[in-house]
Each structure stands twice: as structure tokens, then as C-alpha cells.
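One-letter residues, chain by chain:
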Amino acid sequence: MTHRVVVLALDDVVAFDLSIASRVFTSASLSAGQPLYETLTCTLDGGPVRTTAGFRLMPDHGPEILATADTVVIPGPYEGPLMTSTELPPELAAALDTVPATARWVSICTGAFVLAAAGKLDGREATTHWCHAGAMAEMFPQVKVTPDVLFVDDGTVLTSAGAAAGIDLCLHIVRTDHGSEVANHTARRVVVPAWREGGQRQFIERPVPEVADAGTSATRQWMSEHLNQPLDLRRLAEHARMSVRTFTRRFREETGLSPGQWLLRERVERARHLLESTELTVERIARDAGFGTTAGLRQHLNAAVGVAPLAYRRSFTCR
């Protein structure tokens, strides 16, 4: 049986956010072409819904299909009462009450305000668009708002940051449900990167660097191409033609991370990719990713995703 995803379109919904779940989940299939998800869109009254793009949409369903959902997705509304009130309108609260207790809840961008008002995020970690994270934390102090990540997976309740981070979250769900091969195939069909880790920082608005002050992007690219080599701060600063102090400051300004944190994240991602897509030994992957030893790879992979290399390979390969 296919997994039923019901997308609830609310007034003032961001049109892009509304389309994400349908586009990703309908692209997920087995190698034989068998669809894995059925995605339906509904409104609270079965009628048209206003979008922020200057047009209305007419979904095929009313709120009755919420009672049949395996996963409920709430795309982000923009402004309006759903982002300013801590209580849901009665008709929305009543509709959400019909969702089965076993269903998974997903929000995209400011859809997290709806989940918070419904009490679904109480005591949980959650995220939303960085522009609105402060307001959400103030309105809902019972929610652990994490403002600078792409998405948060808290088991049966998952929240994404703004706009395209919803794609990352939906691909993460496909990967969790059906493994890496299906998720990677889905990403190819949607023509997006197969994986951006949820803990990766949102691209939060920062001051624009002075034009005369060279950036670190070329060095970051060089680092990515030489992960298997020793990369200390002095060597990196020399490549960027900066002092160690200037390089460290500029690197953090541009990425939100220290060079060491960024390098570790890239090495973990390289190891994950090799574990998923190759049959290389763990020893070889540890060397190629720059960890040197299997013990180093095991320690850092376990810290990042909570499993050892071989367990990760078993979990994220074709089932």
C-alpha cells in the first residue's frame, strides 16, 4: 500500500511551499516504477485558497481526507492571523483533530506556527524560516526553536526552515522511509542535491564583506578537493593568502562555522556518500574522507548520525 500524504493548504499560503511535498513525494518510486506515496491536497472547506503569489488554487479535496492521512504536511502561510495568534481558528483546530493519532506531522517554513498553536511542538525541538524564528520563540516558549538549521526531525513531528529547505526535509523523509537509493533517485528526478544535512546552517542574512577583502570560497573548494590530506589552520590561511587570524574570522563570517567545524562536516558527508554509493572498505573510506583511521571515522560518524559505519551502510543502501 502507498503511504498517503495529505497537504493542507491554508489561506495566504506560500505557493512554492505548497508545491514541494507533491513534487517530491510523487517522484519517489521503486526501480520498477511503483509509486511509494499518494499525495493529496485539501483545504478547510473544499474551496479555493489564496496564495501569496497573486492567484488562488482549487484543490480537489476538503478536510475529510485528513482523517485518512499517514502524513500531514502544512506548508507555510505568510503573515495573517496564523502567524500572530497562539490559538487556532475553531474550524482549523477541528480539522486537525480528525488526523489519526499514528500520523506523522510535517511543516514547511512558517507552517511550524500552525503546529505550535496546535500543541504538536510542545517540549520539542523545531525550526522555521530564520526571519520568523525569533517571533515563534517568543509566541511559543514551550517550543525549543532552533533558528539556524535546515530541518529538525523529532520522530513523528518534523519541521523545516524556509522555502527550499522543505525539499531537503521531504527528501530526508523519503530516505528515512525507503533508503538512500530511492531518495537519490527522487532527488535526480527533482533535479536537486540528494542530501543536505538537517543540521547545516540556514543561509542567514549577514553583512556583505568589503569588496577589497578577499573571501574564503576558493579555499573552501580546495579543502573539499583535499579532504584526505592534513589541513591545519596555517596551511589553509596560506592558501587563502591571509593571516591565520583574518582567515579564521572571515571563514566564520561567510559560513557560520569555524574552519575545523566546516572541515569535519565535509569529511563526515564525504564518508556518508562513500558508504552509501560504493563498496569500498571502511578503512579505505576513513582514509579518503580524511579521518585516517576507522576509529576516527567511527567516532565522528556516530557523533553526527548516531550509528557506526557498517550500521549506516546497512541502513542507507537499497532495501
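Note that the coordinates shown come from a computational prediction; the quantities given were computed from them, not determined experimentally.

*Asks:* Got a minute to help me understand the packing of helix 9 (residues 244-255) against helix 10 (residues 259-277) in this structure?
*Replies:* When two helices pack together, their arrangement is given by the angle between the helix axes and by the axis-to-axis distance. Relative to each other, helix 9 and helix 10 sit at 55 degrees, their axes nearing to 9 Å. Looking at the two axes, helix 9 sits oblique to helix 10. The residues of helix 10 that touch helix 9, namely those facing Phe 247, Thr 248, Phe 251, Arg 252 and Thr 255, are Pro 259, Gln 261 and Trp 262. Here the contact of helix 9 with helix 10 is built from residues that sort into four nonpolar, three polar and one charged.

*Asks:* Which parts of the structure should I look at to understand the environment of Arg 267?
*Replies:* In this structure, Arg 267 sits in helix 10. By relative accessible area, Arg 267 is classed as buried at 12%. Between the C-alpha atom of Arg 267 and that of Ser 224, which follows or precedes it by 43 residues, the distance is 8.4 Å. Discounting chain neighbours no more than four positions away, the residues touching Arg 267 are Leu 227, Gln 229, Leu 231, Ala 289, Gly 290 and Phe 291.

*Asks:* How should helix 4 (residues 130-139) be read in this particular structure?
*Replies:* An α-helix turns once every 3.6 residues. As a result, residues three or four positions apart point the same way. For helix 4, the complete set of buried residues consists of His 132, Ala 133 and Met 136. The buried side chains of helix 4 occupy one side of the element, clustering within an arc of 125 degrees when seen end-on. Of the surrounding secondary structure, the elements contacted by the buried residues of helix 4 are helix 3 (111-117), strand 7 (125-126) and strand 8 (144-145).

*Asks:* Which parts of the structure should I look at to understand the packing of aromatic side chains?
*Replies:* Two aromatic rings are characterised by how far apart their centres lie and by the angle between their planes. Tallied over the entire structure, the rule returns four aromatic pairs. Judged by centre distance (5.8 Å) and plane angle (85 degrees), the rings of Phe 251 and Trp 262 are edge-to-face. Taken as a pair, Phe 251 in helix 9 and Trp 262 in helix 10 lie far apart in primary sequence, eleven residues in all. On the basis of relative accessible area, Trp 262 is assigned to the buried category, the value being 7%. The structure contains a cluster of three or more aromatic residues connected by ring pairs, namely Phe 247, Phe 251 and Trp 262.

*Asks:* Teacher, can you tell me more about the confidence of the model for the protein chain here?
*Replies:* Should the pLDDT be low somewhere, the predicted coordinates at that spot are not to be read in detail. Per-residue confidence for the protein chain gives a mean pLDDT of 89, with 91% of residues at or over 70. Below pLDDT 50 for its whole length, residues 204-213 participates in ten contacts with residues either more than four positions away or in separate chains.

*Asks:* For this particular structure, what's the right way to read helix 5 (residues 165-178)?
*Replies:* Between its first and last C-alpha atoms helix 5 spans 20 Å; for 14 residues at 1.5 Å apiece the expected length is 20 Å, and the two agree. Most of helix 5 is tucked away: eleven of the 14 residues are buried. The set of residues buried in helix 5 consists of Ala 165, Gly 166, Ile 167, Asp 168, Leu 169, Cys 170, Leu 171, His 172, Ile 173, Val 174 and Arg 175. Looking at the residues trailing helix 5, positive phi occurs at Gly 179, about 95 degrees.

Rules behind the numbers
Residues numbered from 1 in each chain as written. Predicted model: local features only at pLDDT ≥ 70, side-chain atom pairs only at ≥ 80, totals over all residues. Heavy atoms only, no water. Axes fitted to C-alpha atoms, helices over the stretch in contact; angles between N-to-C directions. Helix = DSSP H or I, 4+ residues; strand = E, 2+ residues; numbered from the N terminus. Parallel < 35°, antiparallel > 145°, perpendicular 65-115°, else oblique. Contact = heavy atoms within 4.5 Å. Nonpolar A, V, L, I, M, F, W, Y, C, P; charged D, E, K, R; others polar. Buried < 20%, exposed > 50% of the residue type's maximum accessible area, 1.4 Å probe, protein only. Arc of directions from axis to C-beta. Phe/Tyr/Trp six-rings, centres within 6.5 Å; stacked < 30°, edge-to-face > 60°. pLDDT = per-residue confidence, 0-100. Expected span 1.5 Å × (residues − 1).

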